[in-house]
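Okay, here's what each chain looks like letter by letter:
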There are 2 protein chains.
Amino acid sequence: MLKAQFDHSNCSDCPIRHRAVCAHCDAHELEELEDIKYYRSFEAGQTIIWSGDQMNFVGSVVSGIASLTQTMEDGRTQMVGLLLPSDFVGRPGRESAPYDVLATTDVVMCCFRKKPFEELMNHTPHIAHRLLQMTLDELDAAREWMLVLGRKTAREKIASLLSIIARRDASIAPKGKSAPIVFDLPLTREAMADYLGLTLETVSRQISALKKEGVIELEGKRHVTIPDMRRLMDEAGDDSDGGFLN
Amino acid sequence: MLKAQFDHSNCSDCPIRHRAVCAHCDAHELEELEDIKYYRSFEAGQTIIWSGDQMNFVGSVVSGIASLTQTMEDGRTQMVGLLLPSDFVGRPGRESAPYDVLATTDVVMCCFRKKPFEELMNHTPHIAHRLLQMTLDELDAAREWMLVLGRKTAREKIASLLSIIARRDASIAPKGKSAPIVFDLPLTREAMADYLGLTLETVSRQISALKKEGVIELEGKRHVTIPDMRRLMDEAGDDSDGGFLN
DNA sequence: AAGATACCTTGACTGAGATCAAGTGGAAAT
DNA sequence: ATTTCCACTTGATCTCAGTCAAGGTATCTT
């Protein structure tokens with residue numbers, strides 16, 4: 001069903017057209033991409049790519065959320081990337097995947113066979129340049145996350161994660177700064193724990209605590225309301241006037 | 001003194017010629033780079049770039065070690081990158097620096113004024129392509145580090161850091177796998193702590209413990225011998241046959 | 001030579017988060 | 001309707017690393 005929704009779809013109608021790796025492409029370049037692209041759907045929980053496997057495609061997340069995950073032999077796991085719509089998966093020039101890629105929700109991906117994509121990239125500076133931009137952004141995000149993992153308390157970690165998810169959804173929010181932000185958590189408590197370097201019990205306790213103190217409101221287990229974004233960002237230990245609110 | 005050593009030097013004699021952002025450049029491109037490059041030296045402990053400052057240059061570390069560091073308002077700090085010779089500093093297209101860049105040892109940098117470099121990059125795919133490669137490598141390193149920060153014990157963290165430094169110096173080592181690896185720690189205990197998300201006391205204790213158990217040997221506070229690399233990698237919690245030893 | 005400084009080590013105690021365990025609630029399966 | 005299952009919550013206890021404090025050692029200053 002989901003698949004059909006995107007099959008044969010034209011790039012110009014694509015929801016991630018202006019943010020994905022193809023964002024800077026002109027009409028001609030887009031045609032070349034259309035020739036080698038295909039869509040694939042994955043159900044929540046499915047593994048999209050296994051660490052160590054041959055990678056014969058690269059691609060963009062069109063809808064849904066995927067995660068990059070590293071696992072130690074004894075089972076400890078750490079999420080090392082959260083892939084949102086428009087994010088790119090795979091590395092041109094690399095043979096095998098360094099991490100597991102998991103579908104956290106149902107996911108649709110726009111895939112390109114790796115070889116043709118690499119060739120296309122070599123004579124299409126627009127793609128290479130956009131990929132560089134996106135990679136630099138991801139590197140910044142990874143480094144921000146290193147501060148969270150290395151130095152923040154459990155409470156600050158949770159608040160940081162909620163801030164990030166809220167910020168992403170806030171683009172739709174009205175101008176008024178004080179308007180409450182509402183969203184659904186796309187992650188289980190366990191996935192949050194794997195992202196934050198915590199146990200799921202600690203995640204649960206901290207969410208309960210933030211709820212009890214009115215920093216967040218919860219309806220069911222996933223539906224979150226942030227009455228005061230500034231308060232949440234204080235709890236995250238971020239500079240309260242940094243970036244998001246001005 | 002250090003400065004003179006590199007002033008007016010020709011790119012073809014440069015120690016990082018084949019690994020830096022200029023690695024793929026041909027003779028003509030190198031000439032263009034020579035026109036806009038200049039060298040700067042920094043003493044150990046000096047700040048190379050302040051977070052938030054205007055960045056009017058980008059460049060490569062030629063010798064020495066620098067670090068990218070993030071600091072919270074209350075003083076907690078996390079190192080988010082370790083810059084070794086050939087590593088690139090700065091982001092084309094960005095105005096202000098997102099992190100502090102500190103000289104951990106004496107450092108020599110090969111700098112390019114940002115504007116000319118950006119223009120040069122636009123019509124020099126060799127540079128853009130190499131920068132993409134390097135950025136993807138850094139992203140991998142950052143993600144590997146996220147596993148260390150999020151899921152490893154203090155002991156594993158120290159062993160991981162020692163492995164990384166040892167691996168870097170091991171390129172010079174003879175073929176025989178069992179040959180002990182010897183190097184000097186380029187970081188203070190505090191810098192190690194900032195890299196690992198620990199306190200300096202914990203770093204000191206874990207190093208003492210590894211020494212007592214014969215995993216490492218110490219001469220003075222900085223001179224390290226690794227009698228058995230495989231043992232160290234076991235302590236790091238890494239797959240013992242992953243990557244380094246085969 | 002004596003003091004100052006920077007870097008490091010070690011000990012005693014504390015506490016945040018992990019671990020172990022039991023229980024809740026809601027949705028799907030039978 | 002009730003069983004099963006999964007995601008989540010909550011409690012009791014434990015432990016690893018943080019905190020606070022004292023002392024050591026090498027180098028630099030005066």
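Residues numbered from 1 in each chain as written. Chains lettered and ligands numbered in written order. Predicted model: local features only at pLDDT ≥ 70, side-chain atom pairs only at ≥ 80, totals over all residues. Heavy atoms only, no water.

Secondary structure assignment for chain A yields 8 helices and 11 strands. A compact globule built from 246 residues would reach a C-alpha radius of gyration of about 18 Å, and chain A, at 19 Å, matches this within 12%. Reported as C-alpha extents along the three principal axes, the dimensions of chain A are approximately 55 × 45 × 35 Å. Counting the 246 residues in chain A, one finds 51% classified as buried. Looking at chain A alone, contacts between residues at least 24 apart form 72% of all its contacts between residues at least 6 apart. Accessible surface, chain A as shown: approximately 11,600 Å² in total, 50% of it carbon and sulfur. When the 29 basic and 37 acidic side-chain charges of chain A are each reduced to a single mean position, those positions are 4 Å apart. (Helix = DSSP H or I, 4+ residues; strand = E, 2+ residues; numbered from the N terminus. Rg over C-alpha atoms; globule rule 2.2 N^0.38 Å. Buried < 20%, exposed > 50% of the residue type's maximum accessible area, 1.4 Å probe, protein only. Contact = heavy atoms within 4.5 Å. Areas by Shrake-Rupley, 256 points an atom, 1.4 Å probe, with all protein chains shown as cover. Lys, Arg positive; Asp, Glu negative; His and termini not counted. Charge placed at Lys NZ, Arg CZ, Asp CG, Glu CD.)

The subject of this paragraph is the protein's contact with DNA strand C. The environment of DNA strand C is made up of 17 residues, and the closest members are A154 and T202 of chain A together with R189, S204 and S208 of chain B. Here the atoms of DNA strand C within 4 Å of the protein split so that 62% fall in sugar or phosphate, with bases taking the remainder. With respect to DNA strand C, the backbone of A154 of chain A contributes an N or O atom lying 2.7 Å from a phosphate oxygen. Taken together, the elements giving at least two residues each to the surface near DNA strand C come down to α7 (200-212) of chain A together with α7 (200-212) of chain B. Looking at the surface near DNA strand C element by element, the count peaks at 5 residues for α7 of chain B. (Near = heavy atom within 4 Å. Polar contact = N/O pair within 3.5 Å; in protein donor to acceptor, adjacent residues only side chain to side chain.)

Many descriptions give the size of an interface as the accessible area lost when the pieces come together. Across the contact, 42 residues belong to chain B and 42 residues belong to chain A. Interface area, chain B with chain A, both sides summed: about 3,900 Å², of which 56% is carbon and sulfur. In terms of surface lost to chain A, no three residues of chain B exceed R143, M146 and R151 of chain B, which account for 21% of the buried area on that side. Joining chain B to chain A, the criterion identifies 12 salt bridges. One can count 22 residue pairs in polar contact (both at pLDDT 80 or more) joining chain B with chain A. Among the secondary structure elements, those contributing two or more residues to the side of chain B that touches chain A are β4 (66-71), β5 (77-83), α4 (125-151) and α6 (189-196) of chain B. Ranked by residue count, the leading element in the side of chain B that touches chain A is α4 of chain B, at 19 residues. (Buried area = accessible area lost by both parts, 1.4 Å probe. Salt bridge = Lys/Arg side-chain N within 4 Å of Asp/Glu carboxyl O.)

We now examine the relation of the copies chain B and chain A. For the pair chain B and chain A, the best superposition has an RMSD of 0.0 Å and corresponds to a rotation of 180° with a translation of 0.0 Å parallel to the axis. Between the two chains, the operation in question is that of a two-fold axis. (Least-squares fit on C-alpha atoms with pLDDT ≥ 70 in both.)

Below, the discussion takes up the domain arrangement of chain A. Residue and element names in this part refer to chain A. Parsing chain A into structural domains produces domain 1 (11-146) and domain 2 (153-245). Centre-to-centre separation of domain 1 and domain 2, based on C-alpha positions: 26 Å. Listed as interface residues are 9 residues of domain 1 and, on the opposing side, 10 residues of domain 2. Both faces considered, domain 1 and domain 2 share a buried interface measuring about 1,000 Å² in area, 70% of it formed by carbon and sulfur atoms. The three residues of domain 1 that bury the most area against domain 2 are M79, L82 and W145, which together make up 53% of that side's buried surface. (Domains from an automatic or database assignment.)

Quick look at the sheet that holds β5 of chain B now. Strand order across the open sheet formed by 4 strands is β2-β7-β4-β5 (chain B), with antiparallel pairing between neighbours. Here the strands that pair on one side only, and so sit at the sheet edges, are β2 (47-49) and β5 of chain B. Within the sheet, the average angular offset between the axes of one strand and its neighbour, ignoring direction, is 35°. Where β4 of chain B lies against strand β7 (residues 100-103) of chain B, 4 bridges are found, and the strand directions are antiparallel. Its bridge partner lying in β7 of chain B, T69 of chain B is registered against D100 of chain B. Its contacts with the sheet put helix α4 (residues 125-151) of chain A on β4 and β5 of chain B, and the angle it makes with β5 of chain B is roughly 135°. (Pairing = 2+ DSSP bridges. Axes fitted to C-alpha atoms, helices over the stretch in contact; angles between N-to-C directions.)

Taken together, the neighbourhood of DNA strand D is formed by 17 residues, with R189 and S204 of chain A together with A154, T202 and R205 of chain B sitting nearest. E201 of chain B places a side-chain nitrogen or oxygen 3.2 Å from a base nitrogen of DNA strand D. Secondary structure elements with two or more residues in the surface near DNA strand D: α7 of chain A together with α7 of chain B. Tallying contributions element by element places α7 of chain A first for the surface near DNA strand D, with 5 residues.

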